[in-house]
Amino acid sequence: MKRFWVSIFRLGIGLGAVAMALSAHAQSMFRGDPAHSGTSNATAPRQFHRVKWKFPTGDRIISSPVAEGKVLYFGGDDGNIYAVDSETGRQIWKRTTGGPTPCTPAVANGTVYAGSYDGKFYALNAQTGAIKWKFATEGERRFEAKGIHGLQPKNQTIADQYDILLYSPVVVQGAVYFGSGDGNLYALDAATGELKWKFKTGDVIHASPAYADGVLFVGSWDSYFYAVDAATGKEKWRFHGGEDALIHNQVGFQSSAAVVDGMVYVGCRDSNLYALEAATGKEKWKFFNELSWVIVSPAIKDGKVIFATSDSSLYHVVDAATGKSVLKQQDKAYMFSSPVIAGDVVLIGVLNGTLQARDLKTGEPLWDFQTETSKQNKGWVLTADRKFNEPMFFTSSWREAPIVGIERQFNIGAIFSTPLVMNGAVYFGSTDGNVYAID
Amino acid sequence: MRLFATILFASAALCQAAESAAGRWEGAAQIPGHELKLVVDLSDEGGKGWTGSIIVPGFGVKGAPLVDLHVRGGDLTFAIKGALGNERAGRAELKAHLTPDGHLAGNFTQGGNSAPFVLEKIGPAQVDLPPRNTAVSKELEGEWKGDYEMMGYARHATLKFSNRGAEGAALDFVIVGKKTNNVPVSLVTQDENFLTVKSDEFGITFEGRFSKEAGEIKGTLSQGPLEAPLVLHRSP
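Residues numbered from 1 in each chain as written. Chains lettered and ligands numbered in written order. Predicted model: local features only at pLDDT ≥ 70, side-chain atom pairs only at ≥ 80, totals over all residues. Heavy atoms only, no water.

J.: Tell me about the overall build of chain B, and please be specific about residues and values.
T.: Counting secondary structure elements, chain B contains one helix and 17 strands. Relative to the globule expectation of 18 Å for 236 residues, the C-alpha radius of gyration of chain B, 22 Å, shows a markedly less compact shape. Taken along the three principal axes of its C-alpha coordinates, chain B extends 70 × 50 × 30 Å. Considering chain B as a whole, with its 236 residues, one finds that 39% of them fall into the buried category. Counted over contacts in chain B with a minimum sequence separation of 6, partners at least 24 positions apart contribute 37%. Of the roughly 13100 Å² of accessible surface on chain B, a fraction of 52% belongs to carbon and sulfur atoms. Counting 24 positive and 28 negative side-chain charges, chain B places the averaged centre of each group 4 Å from the other. (Helix = DSSP H or I, 4+ residues; strand = E, 2+ residues; numbered from the N terminus. Rg over C-alpha atoms; globule rule 2.2 N^0.38 Å. Buried < 20%, exposed > 50% of the residue type's maximum accessible area, 1.4 Å probe, protein only. Contact = heavy atoms within 4.5 Å. Areas by Shrake-Rupley, 256 points an atom, 1.4 Å probe, with all protein chains shown as cover. Lys, Arg positive; Asp, Glu negative; His and termini not counted. Charge placed at Lys NZ, Arg CZ, Asp CG, Glu CD.)

Below is the structure:
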């Protein structure tokens, strides 16, 4: 799809409408395009100037804003899908679903597509928020396992508090594709919501499928990463990531893949970033991160792969061909937000409540923005230098203490949301319930 | 005469400070959005210098030892060992003074953050002394080796026991995986044939039973939620 538009553009026969469609399309789904390259056409500011506006909601914002024209679309954990004017920060409409919507919507042909924890998938009129159709999956759920992450009692099944990002749909050639907590990868007719096919995996799919050359690429918590024919729903190949039968910590694909130049780059909870051949699924290289998850979706540009880790809180640039480290920077807290390349700046959200801008070439920090909630540092969730202060929020592995601890960790104004860059401004959500526009 | 009076006064003041600082103190540190309750026990009994421990309700901390405990006049400083701290945050420290109205007031610092606290004396000290190393039997002295697997990674452990008289046993504990780790040992005890080794800093515990017949120490090494069987044999 993307290649098609680019071809028209290069031939100089792009009409105004086509140019507009290309421009809007580049921001209208998670990671900017169906292949999830993580590269924006826009240029990010090299200096922080101001908060242009902030849009408060009723609960945390995990979703990443997408845009069509001047309108931002995002989901909220308060159960609403929002349309907001990107210039003014004023609400255009909201549509209430039956559950939290930490899902990044996709917009195409005047329709907003998003999923909700109510187990339904929604198609909404992009101008009014009216429901065009909705589709019932087999039910939404988070990844769960006995004694997960070493929590007690170890024979008790516990939901994974870190399974926080709900799948994001991808819209290509009249079809909308998304994963689900029911383990299925779905293909629906984008216009009618009619089921074209579904592909069953062994566990939760909360990553967003990437699309390239008629193939969908998505990982599941069953430890496999899949390539599926977009037209038929037939499996082309599968790749086996790591497993962790003991505490289920080092297993599962939560990262959404990026597909560039015939290669698939994807992070895994087994602490590897994998480079796989898109045609065969053959592993070309892997980059091991010492038991630290890779949740982010990598960004690819000029033969470099940019990604970040959770516990070790490292910002990495590796060579796309070899997987060798090009540069590594120590950050202060976990990163679940995916890096976005916008001009010569890389933007990434950090779970300590800061949005960071780094120089693309050197990786050096250019500026950061810290949410007020993070500055308040209630309960000393952060150290004075903004690192996670585990002894102050993980008080026990028993009963609900870890869940409360993780809630406190996340409620510091954490930025899970992947930033959107448009017209010189940066848009992103925070667990403090706000969507911010800064420039 | 003046010198004598000064010495008398200073001595009396020190004695009074000691009496005043000793006891069980209860109160809270006012950290943002949260009142951190603290129960501190301070004792100067037995002429062995000051000892103390702390309870932090709701944080799973009961009887964590106080270290670097200094009492000078009405001023006190101490740090908490093995609780409310880690490699990233450093250790939690308290700096306090006795107030004229009999309270213990000061600053609680942790992870570079600082908050005021006030404690009130509620009774005599009940210092929770940490368990001490016991001696190990002659048969256990020397070097033992074994291999185990954790999270799919092979590791090699070496434990070298020695006895140091009244101090009980000493242990050099090394784990070799991808890196060589010298494990700081907090506790070594032997109760008949049952051996316990703990490292608070690494969150590692080894518990094993010594069998003279088999010439081995057979047990389990746990690190946080992870457990692995480990059988140690004497180094050749």
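J.: Describe the sheet that holds strand β4 (residues 71–75) of chain A, naming the residues involved and giving the relevant values.
T.: Residue and element names in this part refer to chain A. Taken together, the four strands give an open sheet; going across it, the order is β3-β4-β5-β6, and neighbouring strands pair in antiparallel fashion. Edge positions in the sheet fall to β3 (66–68) and β6 (91–96), since each of these pairs with one other strand and no more. Each strand of the sheet is rotated relative to its neighbour by a mean of 20°, with strand direction disregarded. Of the strand pairs in this sheet, β4 and strand β5 (residues 80–85) are connected by five bridges, and their pairing is antiparallel. Bridging from a neighbouring strand, L72 pairs with V84 of β5. (Pairing = 2+ DSSP bridges. Axes fitted to C-alpha atoms, helices over the stretch in contact; angles between N-to-C directions.)

J.: Any details on the packing of aromatic side chains? Residues and values, ideally.
T.: According to the stated counting rule, one finds 40 aromatic pairs over all chains in the structure shown. Look at A:F217 and A:W237: their rings are 6.1 Å apart centre to centre, the planes differ by 45°, and that puts the pair in the tilted class. Within this pair, whereas A:F217 is found in strand β18 (residues 215–219), its partner A:W237 is found in strand β20 (residues 235–240), the two being separated by 20 residues in sequence. Accessibility assignment for this pair places A:F217 and A:W237 in one class, buried. Where B:W144 meets B:F210, the ring centres are 6.0 Å apart and the plane angle is 85°; that geometry is what we call edge-to-face. Remark: B:F210 occurs in strand β15 (residues 204–211) and B:W144 occurs in strand β9 (residues 142–150); sequence separation between them is 66 residues. The same class applies to B:W144 as to B:F210, namely buried. A connected cluster of aromatic rings, assembled from ring pairs, spans A:Y113, A:F121, A:W133, A:F135, A:Y167, A:F178 and A:Y186. Stacked on the ring of A:F30, the Lys or Arg A:R31 has its end atom at 6.0 Å from the ring centre. The lysine or arginine in question, A:R358, covers the ring of A:Y315, its NZ or CZ lying 4.7 Å from the ring centre. (Phe/Tyr/Trp six-rings, centres within 6.5 Å; stacked < 30°, edge-to-face > 60°. Lys NZ or Arg CZ within 6 Å of the ring centre and 35° of its normal.)

J.: Kindly report on the interface of chain A and chain B, identifying the contributing residues and their values.
T.: Taken together, the contact between chain A and chain B spans 26 residues of the former and 26 residues of the latter. Summed over both partners, the interface of chain A with chain B comes to about 2100 Å²; 63% of that surface belongs to carbon and sulfur atoms. On the chain A side of the interface with chain B, the three residues burying the most area are A:W380, A:P391 and A:M392, jointly 31% of the side's total. Seen at the junction of chain A and chain B, the total is one salt bridge. When the shortest N-O distance is used, the salt bridge between B:R88 and A:E390 registers 3.0 Å. Summed over the shared surface of chain A and chain B, the result is five residue pairs in polar contact (both at pLDDT 80 or more). Broken down by class, the residue content of the side of chain A that touches chain B amounts to ten nonpolar, nine polar and seven charged. (Buried area = accessible area lost by both parts, 1.4 Å probe. Salt bridge = Lys/Arg side-chain N within 4 Å of Asp/Glu carboxyl O. Polar contact = N/O pair within 3.5 Å; in protein donor to acceptor, adjacent residues only side chain to side chain. Nonpolar A, V, L, I, M, F, W, Y, C, P; charged D, E, K, R; others polar.)

J.: I'd like a rundown of the environment of A:C268, residues and numbers included.
T.: Residue and element names in this part refer to chain A. Looking at where C268 falls in the secondary structure, it is placed in the loop between β22 (263–267) and β23 (272–277). Among the residues examined, C268 registers a relative accessible area of 0% and is labelled buried. For C268 and S256, which are twelve residues apart along the polypeptide, the C-alpha to C-alpha distance reads 9.3 Å. When sequence neighbours within four positions are dropped, the list of residues in contact with C268 reads G252, F253, Y274, W293 and V294.

J.: Quick rundown of the side chain of A:S374? Include the residues and the values.
T.: Residues and elements named next belong to chain A. Residue placement: S374 occurs in helix α3 (residues 372–376). We classify S374 as buried; its relative accessible area is 2%. At 2.6 Å, the side chain of S374 and the backbone oxygen of N352 are in polar contact.

J.: Which residues make up the sheet that holds strand β5 (residues 75–80) of chain B, and what values go with them?
T.: To summarise the sheet geometry, strands pair through backbone hydrogen bonds and adopt either a parallel or an antiparallel arrangement. All names here are of chain B. Taken together, the eight strands give a closed barrel; going around it, the order is β1-β2-β3-β4-β5-β6-β7-β8, and neighbouring strands pair in antiparallel fashion. Taking each pair of neighbouring strands and ignoring which way they run, the sheet shows an average axis angle of 30°. Of the pairings in the sheet, the one linking β5 to strand β6 (residues 93–98) comprises five bridges and is antiparallel in character. The partner of D75 across the bridge, within β6, is H97.

J.: Residues and numbers for the pairing of strand β15 (residues 184–189) of chain A, please.
T.: Residues and elements named next belong to chain A. The buried fraction of β15 is high, at five of six residues. As defined by bridge partners, strand β14 (residues 175–179) adjoins β15 across five bridges and the pair is classed as antiparallel. Bridge pairing in β15 places G179 opposite L185. The hairpin turn running from β14 into β15, its antiparallel successor, is four residues long, and G183 in that turn takes a positive phi close to 90°. As defined by bridge partners, β15 adjoins strand β16 (residues 195–200) across five bridges and the pair is classed as antiparallel. Bridging from a neighbouring strand, L185 pairs with F199 of β16. A loop of five residues connects β15 with β16, the two strands running antiparallel in sequence, and G193 in this loop sits at a positive phi of about 80°.

J.: Describe unusual backbone geometry, listing the residues and the values that go with them.
T.: Residues and elements named next belong to chain A. Here Q152 and P153 are connected by a cis peptide whose omega angle stands at -5°. Assignment of secondary structure puts P153 in the loop between β11 (144–146) and β12 (157–159). The residue L291 is not glycine, and still its phi comes out positive at about 70°. One non-glycine residue with positive phi stands out, namely N377, at about 50°. Structurally, N377 can be placed in the loop between α3 and α4 (401–410).

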